[in-house]
Amino acid sequence: MMGTGDKEPRPPVRMCVRCEVTTETPVVVAVVHQNTGPGFVVYACQACAAHYPPQPNVLTGLRPSGQAEDER
């Protein structure tokens, strides 16, 4: 029986969306939300991450359910 307590955790390995190089230090540069299924996370390497502007949080722009736009 193999125990997992003695193994070190593997580092996260992702491919950079810009240069397509695999990196062990990925940076989240975008989160893509979809209305028909799960969304996905877009990663970049440390060097390419500076080329992506901060993404707005789409969930903060939503008004509470049932509230009309002129009631804000």
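Computed from a predicted structure; not experimentally measured.

A. Spotlight on the overall build of the protein chain. A tally of regular secondary structure across the protein chain gives one helix and four strands. Of the regular secondary structure in the protein chain, the N- to C-terminal order runs β-β-β-β-α. Looking at the protein chain as a whole, 12% of its 72 residues are labelled buried. Of the contacts formed within the protein chain by residues at least 6 apart in sequence, a portion of 28% connects residues at least 24 apart. Of the roughly 6300 Å² that the protein chain leaves accessible, carbon and sulfur atoms contribute 55%.

B. Structural context of the nonpolar core. Residues Cys-16, Val-29, Ala-30, Val-42, Ala-44, Cys-45, Cys-48 and Ala-49 constitute the largest nonpolar core, which totals eight residues. Elements supplying a minimum of two residues to this core: strand 3 (27-32), strand 4 (40-44) and helix 1 (46-49). Val-29 has contacts with Val-17, Val-42, Tyr-43, Ala-44, Ala-49, Tyr-52 and Gln-55, leaving out every residue within four places of it along the chain.

C. Summary view of the side chain of Thr-23. Among the secondary structure elements, Thr-23 is positioned in strand 2 (residues 22-23). A distance of 3.0 Å separates a polar atom in the side chain of Thr-23 from the backbone nitrogen of Thr-25. Filtering out sequence-adjacent residues up to four positions away, Thr-23 remains in contact with Pro-12, Val-13, Arg-14, Ala-44 and Cys-45.

About the criteria used
- Residues numbered from 1 in each chain as written.
- Predicted model: local features only at pLDDT ≥ 70, side-chain atom pairs only at ≥ 80, totals over all residues.
- Heavy atoms only, no water.
- Helix = DSSP H or I, 4+ residues; strand = E, 2+ residues; numbered from the N terminus.
- Buried < 20%, exposed > 50% of the residue type's maximum accessible area, 1.4 Å probe, protein only.
- Contact = heavy atoms within 4.5 Å.
- Areas by Shrake-Rupley, 256 points an atom, 1.4 Å probe, with all protein chains shown as cover.
- Core = buried A, V, L, I, M, F, W, Y, C linked by side-chain atoms within 4.5 Å.
- Polar contact = N/O pair within 3.5 Å; in protein donor to acceptor, adjacent residues only side chain to side chain.

Interpretation note: all reported values are geometric properties and have no functional meaning in isolation.
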